[in-house]
Amino acid sequence: MSQDWMVILQKQSQLIAVMKTNETTEQYGLILNQQDAELILQERSHALREQRRVEFGSGIAEKIIYEFCNSSYINQSNYVETIVRLQDIFYLYKNEMHDEITDDELLHLMKEQFENLCFGDLEYLEGTCLENFAEAVRAGYDGYMDTEGYGEYDRFDPVKRWDYNLYLETLKELCWR
């Protein structure tokens, strides 16, 4: 009986914490109702079981919400679905990186790639960006510790990207000829 009471109390505490994120996310047009918050927490439990992880405390849902709430690619219509998917990706790559990377480092890396390289494409984030980075971490790379996960992916990106400043320099050179 006391275990049931403690589980209920923990779930209620987690629900309140996720609902409290509305105070911040509302300015970005993102609001969770109680049913949405319950779904996020239910899917969190499912992801933890699927990845064979145990988590204590409030969990990663709040941190994901706070990290991604100002994203250019998240709106009210895809908000809950995106948060659920980001949780799945987060737990998968915590395992893939053998817990070498902190939660905050992984979240910073995920957000930066989601915004600047994936342009909101969760499949590309999961299947390419994080996979490449996880491979480097498993091989011993630890440079992310100095940067807290910011600006790290460029070191491992096999695709050379568009460089706006280089483009302008080249354009100026061509125009002055």
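Residues numbered from 1 in each chain as written. Predicted model: local features only at pLDDT ≥ 70, side-chain atom pairs only at ≥ 80, totals over all residues. Heavy atoms only, no water.

A. Representation of the environment of Y28 in the model. With respect to the element layout, Y28 can be found in the loop between α2 (22-25) and α3 (34-50). With relative accessibility at 39%, the residue Y28 sits in the partly exposed group. In sequence terms Y28 and S72 are 44 residues apart; their C-alpha atoms lie 9.6 Å from each other. (Helix = DSSP H or I, 4+ residues; strand = E, 2+ residues; numbered from the N terminus. Buried < 20%, exposed > 50% of the residue type's maximum accessible area, 1.4 Å probe, protein only.)

B. Layout of the packing of helix α6 (residues 103-116) against helix α7 (residues 122-138). Direction vectors running N to C along α6 and α7 enclose 125°, while the axes themselves pass 10 Å from each other. Between α6 and α7, the interaxial angle falls into the category oblique. The handedness of the crossing between α6 and α7 is right-handed. Residues L106, L109, M110, Q113 and F114 of α6 form the contact with α7, whose own contacting residues are L122, L125, C129, L130 and F133. The class makeup of the residues in the contact of α6 with α7 is nine nonpolar, one polar and no charged. (Axes fitted to C-alpha atoms, helices over the stretch in contact; angles between N-to-C directions. Parallel < 35°, antiparallel > 145°, perpendicular 65-115°, else oblique. Left-handed = near helix turned anticlockwise from the far one by under 90°. Contact = heavy atoms within 4.5 Å. Nonpolar A, V, L, I, M, F, W, Y, C, P; charged D, E, K, R; others polar.)

C. Local environment of the confidence of the model for the chain. The predicted model of the chain averages 84 in pLDDT, with 81% of residues at 70 or higher. The weakest mean pLDDT in the chain belongs to helix α9 (residues 164-175) at 69; the strongest belongs to helix α4 (residues 61-68) at 96. (pLDDT = per-residue confidence, 0-100.)

D. Representation of the packing of aromatic side chains. The final tally for this structure, using the stated rule, is five aromatic pairs. Seen from their ring centres, F68 and F114 are 5.5 Å apart, and the 75° between their planes marks the pair as edge-to-face. Of the two residues, F68 sits in helix α4 while F114 sits in helix α6, which places them 46 residues apart along the sequence. Owing to a relative accessible area of 1%, F68 belongs among the buried residues under this scheme. Here the aromatic rings of Y73 and F114 are separated by 6.2 Å at their centres, their planes lie at 90°, and the arrangement is edge-to-face. Note that Y73 is positioned in the loop between α4 and α5 (79-96) and F114 in helix α6, a separation of 41 residues in sequence. On the accessibility criterion, Y73 (30% relative accessible area) is partly exposed. Residue class for F114 comes out buried when judged on its relative accessible area of 1%. Three or more aromatic residues joined by ring pairs form one cluster here, namely F68, Y73, F114 and F119. (Phe/Tyr/Trp six-rings, centres within 6.5 Å; stacked < 30°, edge-to-face > 60°.)

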